Each structure stands twice: as structure tokens, then as C-alpha cells.
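Spelled out, the chains give:
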Amino acid sequence: MAAPPRRARRTAALAVLAALILPALGCGGKAENIPQVKGEFGSRPEVAMPTYPPPKDARMKVLVEGEGPVTRKGQVIVTDVDMRIWESGRALMDTYRLEQPTTAVLDGQHVSRTWDQALIGRKAGSRVLLVSPATHGFGPHGMAPAQVTPTDHMVLVFDVIGGYDPKAQAAGPGTWPASGGFPSVNVKAPGAEPVMADFGAEPRKVGVRTLVEGKGAPLKAGHSVVMQYTGVVWGTKTPFNSTYLRNGPNGFVMKDAAMLPGWFEALEGKRVGSRILVTVPGNERPGFTHTKGALGMPKDKPAAYVLDVVDTRPR
Amino acid sequence: MASWRISGSRALLTAGVALTAVFTATLPAQAAHAPGGVDDWGTVVDTKDCVQADAWLVRVKGLGKIIDTKLFQSHYPTTPQAPKQHAGGRELINLAPMGIGLGKVSALYSRAMGHAHPATTSGKGDVPARGEVYADAGGAAVDIGLPYIQNPAGGTQLSPFGVHVEGITVSAYSQPGKPVAFTGGAARGYISVAGTRIIDIPPIWAVNLGVRIPEDYTQAPLALATTNEQVTTDVKGNPTKGPNGAYKYDPKATSGYVNGIHASVLGTDVADVTVVHAAVLRDPKITDKFAVAPRAASDRAGVPARPLSKSCAPFAPPRTAAAGMKDTSSCW
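For chain A, the name recorded in an unreviewed UniProt entry is Peptidyl-prolyl cis-trans isomerase, with Streptomyces mesophilus as its organism. Taken verbatim from the UniProt record of chain A, the Sequence similarities (unreviewed entry) comment is "Belongs to the FKBP-type PPIase family." The UniProt entry for chain A carries the following text under Catalytic activity (unreviewed entry): "[protein]-peptidylproline (omega=180) = [protein]-peptidylproline (omega=0)".

Shown next as C-alpha cells:
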């Protein structure tokens, strides 16, 4: 048999080398035992499930490195997430179709510690893959989500919008007197929930008053926006919904249908760092109660909101 | 409004609602979660006893400042965090652990007993029965929201995700020589989103009844829920498995748990809630010797081998039964 040409031998040697090295570098799908994920940050990922068995323990991989600030322990993480079952490929839930990013508290008490590993220390804008036994893929202390058997495995893809202090706000304390049909606003201390008072006649159209002009990135349609907000039915004191009463900032998609009536109109073109007072008449969106992502308000009631724009990110 | 619908084979889990005097955040000093960290069963404690029971009323995760919390947890053997039972009155109790509103409940109870079973007649004490183990939980009215946001105009809560059930009850019962038996159900109820009733819960719950919310498959699911979820486990609380290693209901199992409602929710904040839970563990290798062939022994007369009602716990309400509760010796 004739000896192979030198070029062929070199090619064969490189192929063998690649076969040995690439899996170790994480370039070989089966060697890593993880699903293949396609798609851009901010869009619902396409996930191809492997045909081989899932790993016994949870595994995490940063698929796309973002360019934003690094998330830290103690922050709440605003993220999009897509959740599926490895064994069946069945899609469970996702925030992309809901057009409602979710807020996760990573203190080991709210969601599984596997979420900590996937989401802490990531740059905002990163896409992260998490594979986990179902008992450690969602809630803490080993409970599988509803309609998931305890022996299944979950595949989660996160798009990290950012990490935020639970009391993050666009601006500090201050008082803004009532004027021009707008109620007064008082923020007593850093991180305190704005309190609205001195309501006049009910609004007849959407009103927008910029309390603090932001100097950050502008808000654009279709992007994600992260805010603290509080909302009251016109003339009342107790908020019907408020991020201050929950975990901290929530993420939203800059689309009229993904937000409460009046919000999109009030936010478009504003900048990060803005504090905005919005008044909305009861007939602004007749019959509306909630968005697909369960962001809701009392039906056909006039309302007032204070929106603190904390961050924005393309999606 | 859509109707409740069976979602298929994957429906699973959950539970816990209700009750009384003190709510207990479960930080079990003696807890030894089942191997692998699976604690769907409940809090498995280190004990040399051959039976164990656990029950709670509401377990919430991922909600504001509310940590993973089991409200009104009962356990056998008792722990510093979980007494043998809780029992509440008819008045509404405002559940606001950690300062955050969770909802309102009334006439709630949870019980966990080992080497005993409840009396069949209201007003009588519990009946010692070596090797038996029993747990139940329930309530007259439960209104839970994630988070709970009261409607200023009255009516359905404004919570992004809300559960309202009336007459909810679950029980788990394991006797020597017999497999574990479960009951679960509610008189009526509904799930709401931001003040809108999305799904009515029918009075009779099929086992592992599941639903996606909304039910319209052209829309993305906001939440997944399961009612009357019944899961069999081994004697350590791990789900029973089939030959392929996946969970499989074992009709011969002597241990397991039942959950009234379990919901996993996305939306603005990730959350997971279970309403009413009852769980038992019984080691048949040790306890089956206590089986009594014809059930005519004096302390067992009248106790059904399986619960008679699909929708009601088979025994007396806990307050009346509590008076006769006794510690019984271990079977070791």
C-alpha cells in the first residue's frame, strides 16, 4: 500500500487532535451532554433536545456573553426564561410569548439554588443555559413545578436583562406638589414607595408629568424596560399593585399591549433615570383587566402611576 | 370562563391550605430531607420510628418577601416547628407572613398522627392503632394570591394569580397490610388573574387534574396547575419509579402524598404555591405484622379500609378529635 500523501496525513492528524480537544473545550454537544440552543438574545430560543439521557446533576453554560454590568449576589434578577422538559421536549412556560420578563430573587428561598448558579455573576445581555433535575429546576428545596414529574429534567434558557438592587429607583427622595390635574407625589426616603395625594378631578385623557428627567439610554419600542412602579385607583391611597410590595424592579416589554393603559404613551422616548407621573382615565382601554403576563388593574377605573425607569435593554 | 380540564399524564403535585393559631415557617432543625434533596413529600425528619406523617395548609415560594413557607404545618413525630395538629375557627384569618399579603383563610386544619387514626365520629378521641399513620389538611374557605391584592371595589381579588377554593380537603392514610389511600377534593373554587375569573374548579376532582392558564393553546401559558395530585413514594419519601427510572404510580406503595392545588407561575415575579398537603410514610417490613385480619378489633371498629368519600376526609374534624390525641410508643 502506498504511503498517504503528507497533506492527507496532516489533515488526519488535525482531525484526531480536534476530536480530542474540542469536546474538552465545550464545543462537542454530546460530550457536554447539553441541548443545542439557537436564536438571538431576547427572542424565544429554539432548543434541540439530545437523544441521550440527561445529566444526573444540574449543569450551566453561558451561551452568549453579554456586555452589561455583572449581576451580583443580593440583587434581584430581571430575566426572560424558557422552560422545557428534557425527556419529552415539552415546552412548559416562557416569558417571551407572555411579553413579560420575570423577576427572580436569588436568596435560596425563592427559587432553586441552580438559578443562583445560572444567573449570578453574569453580564447583563447574556444568554445562559441551565439543565437540572426537575426537583431543582424551579422552586427551592426540591419541589418540581406543577405538572412536572419529580424524575424529569428541565432545560431552562435565560436571557439576563440585568441585576438590580431591590430598592433601585430612578431618583432620590423628593416632593412634587399637585398641579395641572396631577396629584402630589412624595418620596420620603431612598428606596421608599412614592405616595400620591391631593387628587383633583378624574383625568379625561392620559396625562404625563416628568418629575425627574433621566439622562440615560432612551426607551425604544420593542425593547425591555426595567422599572419600579406604584399604581393607585384615582383618589385612593392604597396601591392596587406595586413593585415596592414585591421583590423590587420588574421588567416589561415596550409595547402598548404588554403594558398597562397609558404606560407606553408615557414612556416612549423617555430616558433611563426618569421618574414619571402618569394619570389614566377609566375609559382609556375599555374592559381591560390584565396583559398576557398578568400585569393588571381594576377594570375601567381611572388610575395614577409613578414610574421609575431603572434600565433598558434591546431584545 | 373556561372549565377545569384534565391535562394528561404529566400532571403532578401539590398542596397545602389552612389554619389556625400560629403559622410556622418550616426551618426544621431536625429535618433530613429525603435523599437527593427531594422533599415533595414534606419534611422527612430523622427518627427511628417506622411511620411518619406531614401536613400543611399553604406553601408559598418566590413571592415578595415571603420565603419558602409552610403555613400551619403538622408533623408526626412532632418537631419544634410542627406540632401534631392545627385547628382554626370559622373567622377569616389574614395570612400576611413577613408583612406581605398572602390571602385569607377560614376554618382550617392540619393533622399528622402516627400509630393512631382519627375517630370516626366527631367528638371522640383519636384511636391508638399500632403501625397506622394518617395525615389530613383542609379548610372551609381559602383565598390565596401571588401576591394577594384585595379588590378595592370588592369581589374577585386583583392578584396577578389568585386561587379561591371552598371546602377543600386532602388526606393520606396507610394501614399495616394495605397500600396507602388518598382522598382529595373541594366543594367549589376558581382561579383568577388580575380580578378576572379564568377557570372554575369543579366540585369533584379527578386524580392529577391539571390545567394550563390560559387554557387557549394559541396563547402562552402564564401558569401551570394541578389539583388532587397523588404521588406514591418509597419509605423515605422518594417518588416510586418504573423500570425506566421515571416516576410511576405504585398501587402497592405504603407511602406517598396528596396535594390539593399546586401552581407554578411566571408573570412579573416567579412564584410557586401549594394549597393543602397530606403525606404519610410507613415501612411495611416493620409494620405489616400489626395487620389485623378481620377488622373487628375493638379499637378499629368502624374505620373504613379506604376513605368512603372522594371529596371529604373520612374522619372527624380535628378540634373534636384533638382532645383524645395521645403519644403512642414506637413500633421499634
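Having seen the model, we can carry on.
**Student:** Pulling in residues and values, what's your account of the overall build of chain A?
**Tutor:** Looking only at helices and strands, chain A features 5 helices and 17 strands. Residues classed as buried in chain A amount to 57% of the 315 residues present. For chain A, the share of sequence-separated contacts (at least 6 apart) that also reach a separation of at least 24 residues comes to 72%. Accessible surface, chain A as shown: approximately 13200 Å² in total, 54% of it carbon and sulfur.

**Student:** Can you break down the environment of I34 of chain A residue by residue, with the values?
**Tutor:** Residue and element names in this part refer to chain A. For I34, the position within the fold is in the loop between α2 (29-32) and β1 (36-38). Using a relative accessible area of 8% as the deciding quantity, one classes I34 as buried. Counting along the chain gives 25 residues from I34 to R59, while the straight-line C-alpha distance between them is 8.2 Å.

**Student:** Go over unusual backbone geometry with me, naming the residues and quoting the values.
**Tutor:** In this chain, Y76 of chain B is followed by P77 of chain B through a cis amide linkage whose omega measures -5°. Within the secondary structure, P77 of chain B sits in the loop between β4 (74-76) and β5 (85-87). A positive phi angle is found at D300 of chain A, which is not glycine, with a value near 55°. Along the chain, D300 of chain A turns up in the loop between β16 (275-280) and β17 (303-313). Residue classification places D300 of chain A among the partly exposed residues on the basis of a relative accessible area of 40%. One non-glycine residue, A107 of chain B, adopts positive backbone phi at about 45°. Along the chain, A107 of chain B turns up in the loop between β7 (103-106) and β8 (109-117). The class for A107 of chain B is buried, based on a relative accessible area of 13%.

**Student:** Give a detailed account of the nonpolar core, specifying residues and quantitative values.
**Tutor:** With 81 residues, the main nonpolar core has M83, W115 and F158 of chain A together with F161, I168 and I213 of chain B as its most contacted residues. With 6 residues, strand β17 (residues 271-282) of chain B is the largest single contributor of residues to this core. Excluding its chain neighbours within four sequence positions, the residues that come into contact with F158 of chain A are T79, D80, V81, Y96, W115, A118, L119, S126, R127, V128 and L130 of chain A. By size, the runner-up hydrophobic cluster in this structure holds 28 residues, among which are M227, V233, F288 and Y305 of chain A.

**Student:** How would you summarise the packing of aromatic side chains if you had to cite specific residues and measurements?
**Tutor:** For the structure on display, the rule yields 10 aromatic pairs over all chains. Arranged with centres 4.8 Å apart and planes meeting at 75°, the rings of Y229 of chain A and W263 of chain A form a pair that is edge-to-face. Of this pair, Y229 of chain A sits in strand β13 (residues 224-233) while W263 of chain A sits in helix α5 (residues 263-267), and the two are 34 residues apart along the sequence. A single burial state applies to Y229 of chain A and to W263 of chain A, both of which are buried. A centroid spacing of 5.7 Å and a plane angle of 75° characterise the contact between Y134 of chain B and Y173 of chain B, whose relative ring orientation is edge-to-face. Of this pair, Y134 of chain B sits in strand β9 (residues 127-145) while Y173 of chain B is found in strand β10 (residues 162-174), placing the two residues 39 residues apart along the sequence. For Y173 of chain B, a relative accessible area of 2% gives the class buried.

**Student:** Can you lay out the pairing of strand β12 (residues 188-193) of chain B for me, pointing to particular residues and giving the numbers?
**Tutor:** Residue and element names in this part refer to chain B. Counting buried positions along β12 gives 5 out of 6 residues, so the element sits mostly inside the fold. In this structure, β12 lies alongside strand β13 (residues 196-201), joined through 5 bridges in antiparallel fashion. Paired with Y190 across the bridge in β13 is D200. What sits between the antiparallel neighbours β12 and β13 is a turn of 2 residues, in which A194 has the positive phi angle 50°.

**Student:** Before we move on, could you go through the confidence of the model for chain B and cite the residues and values that matter?
**Tutor:** Confidence in the prediction of chain B, expressed as mean pLDDT, is 73, and 67% of residues score 70 or more. The low-confidence segment residues 296-332 of chain B, where pLDDT is below 50, has 104 contacts with residues more than four positions distant or belonging to other chains.

**Student:** Describe the pattern of salt bridges, naming the residues involved and giving the relevant values.
**Tutor:** Residue and element names in this part refer to chain A. All chains considered together, the criterion is met by 14 salt bridges over all chains. Between D94 and R97 there is a salt bridge; the shortest N-O distance is 2.7 Å. When its relative accessible area of 0% is taken as the criterion, D94 is described as buried. Among the ionic pairs, D256 bridges to R285, the shortest N-O distance being 3.2 Å. Placement of the pair is D256 in the loop between β15 (250-253) and α5 and R285 in the loop between β16 and β17, with a sequence separation of 29 residues. Owing to a relative accessible area of 40%, D256 belongs among the partly exposed residues under this scheme. Taking the relative accessible area as the measure of exposure, R285 reaches 22% and is therefore partly exposed. Taken together, the salt bridges that share partners define one network made up of R44, D82, R84, D94 and R97.

What counts, and at which threshold
Residues numbered from 1 in each chain as written. Chains lettered and ligands numbered in written order. Predicted model: local features only at pLDDT ≥ 70, side-chain atom pairs only at ≥ 80, totals over all residues. Heavy atoms only, no water. UniProt positions renumbered as here; feature names shortened; annotations may be inferred. Helix = DSSP H or I, 4+ residues; strand = E, 2+ residues; numbered from the N terminus. Buried < 20%, exposed > 50% of the residue type's maximum accessible area, 1.4 Å probe, protein only. Contact = heavy atoms within 4.5 Å. Areas by Shrake-Rupley, 256 points an atom, 1.4 Å probe, with all protein chains shown as cover. Core = buried A, V, L, I, M, F, W, Y, C linked by side-chain atoms within 4.5 Å. Phe/Tyr/Trp six-rings, centres within 6.5 Å; stacked < 30°, edge-to-face > 60°. Pairing = 2+ DSSP bridges. pLDDT = per-residue confidence, 0-100. Salt bridge = Lys/Arg side-chain N within 4 Å of Asp/Glu carboxyl O.

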